[in-house]
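As a plain string of letters, each chain reads:
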Amino acid sequence: MSRSAFGDWDGSIEGARRLQTQLAAQVRLVDEAPAAPRTIAGLDVGFEDQGATTRAAAVLLDGTTLQLLDSVVERVPTAMPYVPGLLSFRELPALLAALQRLAQVPELVLVDGQGIAHPRRLGIAAHFGLATGLPTIGVAKKVLCGRFEPPGPQPGAHTPLVHNGEQIAWMLRSKARCNPLVVSPGHRVSMDGARERVMALLRGYRLPEPTRLADRLASRRGAMPERVPAPTGRF
DNA sequence: GCGACAG
DNA sequence: ATCTTGTCGC
């Protein structure tokens, strides 16, 4: 546990929740990332060895063409179990290690998971933003907390996700016939800015390019000529 | 007390 | 997250 990411955490569950509440007060929901980032990173985590090993993937894309500039996969022994609401304490160390191995420091980061759409407003994307100081956006496939009305069927439709009377994210229909994404600002990005940025990064798939590519690396799927796919069925 | 619960 | 083939629908 690096002091920079978890401060003086005592290691307890209650302590982790207390720290989240403290850190959440430092999150800035103001647009501070360049209007046209030169580089954008996508981050995601996967597991192997039945969870014993945490695999973090980081991809660096050209902010204008979205072409892949670099990608890294970092493996670290898993140190904590998954506890709803405390995801960053389990995955942040691996994500930070992956980011540091990237060829360049990105001007904007998309993380697979919640930004401020969290019980104490500190999802992994927000925590990552505070730990690195970089502008971040959380792109999750499921809701952690809050309620919402389903957005319309057309791509781009969106409705607010509300928790304790405040909007914590946008439920965004990124693609027709697909469940909406949970888009929330992490750090140094506004609520509207988060949605607009994600919309601009969509390329025909449910997930925006940065997160989609990181997902494939972290989950062992395509984009890695490590093994020829075995034939299905006989002939 | 009961149900929900990112990855 | 992960274990896993085929299958229904657009």
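Under an unreviewed UniProt entry, the name given to chain A is Endonuclease V, and the organism recorded is Pseudoxanthomonas spadix. Of the comments in the UniProt record for chain A, the one headed Function (unreviewed entry) reads "DNA repair enzyme involved in the repair of deaminated bases. Selectively cleaves double-stranded DNA at the second phosphodiester bond 3' to a deoxyinosine leaving behind the intact lesion on the nicked DNA." According to its UniProt record, chain A has this under Catalytic activity (unreviewed entry): "Endonucleolytic cleavage at apurinic or apyrimidinic sites to products with a 5'-phosphate."

Participant: I tried to follow the overall build of chain A on my own but got confused; where do I start?
Facilitator: When its secondary structure is counted, chain A shows six helices and eight strands. In chain A, the succession of α and β elements from N to C terminus is α-α-β-β-β-α-β-α-β-β-β-β-α-α. Whereas a compact globule of 235 residues would reach a radius of gyration of roughly 18 Å, chain A reaches 17 Å, a difference of no more than 12%. Oriented by its inertia axes, the alpha-carbon framework of chain A measures out at about 60 × 40 × 35 Å.

Participant: Just to check I follow, could you spell out the protein's contact with DNA strand B for this structure?
Facilitator: If you check the shell around DNA strand B, you find 18 residues, and the closest are Tyr82, Gly85, Leu87, Ile124 and Lys141. Within 4 Å of the protein, atoms of DNA strand B come from sugar and phosphate in 41% of cases. Gly85 places a main-chain nitrogen or oxygen 3.1 Å from a base nitrogen of DNA strand B. At 3.3 Å, a backbone N or O of Gln114 approaches a base nitrogen of DNA strand B. Here the residues of the surface near DNA strand B are counted per class, giving nine nonpolar, four polar and five charged.

Participant: Help me out: how do you make sense of the confidence of the model for chain A in this one?
Facilitator: Note: predicted coordinates in regions of low pLDDT should not be interpreted at a detailed level. Confidence in the prediction for chain A averages 93 pLDDT; 93% of positions are at 70 or higher. In this model, residues 224-235 is a region of pLDDT below 50 whose contacts with residues beyond four sequence positions or in other chains number two contacts.

Participant: Looking at this structure, how should I read the sheet that holds strand 4 (residues 108-112)?
Facilitator: Strands pair in a sheet through their backbones, by hydrogen bonds, and they do so in one of two ways: parallel or antiparallel. On the basis of which strands lie adjacent, the open sheet formed by eight strands has the order 3-2-1-4-5-8-7-6 and mixed pairing. At either end of the open sheet lies a strand with only one pairing partner, and these are strand 3 (68-77) and strand 6 (158-163). Strand-to-strand twist across the sheet, computed as the mean angle between neighbouring axes with direction ignored, equals 25°. Inspection of the sheet shows strand 1 (residues 39-48) paired to strand 2 (residues 53-62) by ten bridges, in the antiparallel sense. From the neighbouring strand, Phe47 faces strand 2, where its bridge partner is Thr54. Of the strands in this sheet, strand 1, strand 4, strand 5 (136-140) and strand 8 (181-187) touch helix 4 (residues 124-132), which is tilted by about 160° from strand 5. Against the sheet, helix 5 (residues 191-200) touches strand 4, strand 5, strand 6, strand 7 (166-172) and strand 8, its axis set at about 10° to strand 7.

About the thresholds
- Residues numbered from 1 in each chain as written.
- Chains lettered and ligands numbered in written order.
- Predicted model: local features only at pLDDT ≥ 70, side-chain atom pairs only at ≥ 80, totals over all residues.
- Heavy atoms only, no water.
- UniProt positions renumbered as here; feature names shortened; annotations may be inferred.
- Helix = DSSP H or I, 4+ residues; strand = E, 2+ residues; numbered from the N terminus.
- Rg over C-alpha atoms; globule rule 2.2 N^0.38 Å.
- Near = heavy atom within 4 Å.
- Polar contact = N/O pair within 3.5 Å; in protein donor to acceptor, adjacent residues only side chain to side chain.
- Nonpolar A, V, L, I, M, F, W, Y, C, P; charged D, E, K, R; others polar.
- pLDDT = per-residue confidence, 0-100.
- Contact = heavy atoms within 4.5 Å.
- Pairing = 2+ DSSP bridges.
- Axes fitted to C-alpha atoms, helices over the stretch in contact; angles between N-to-C directions.

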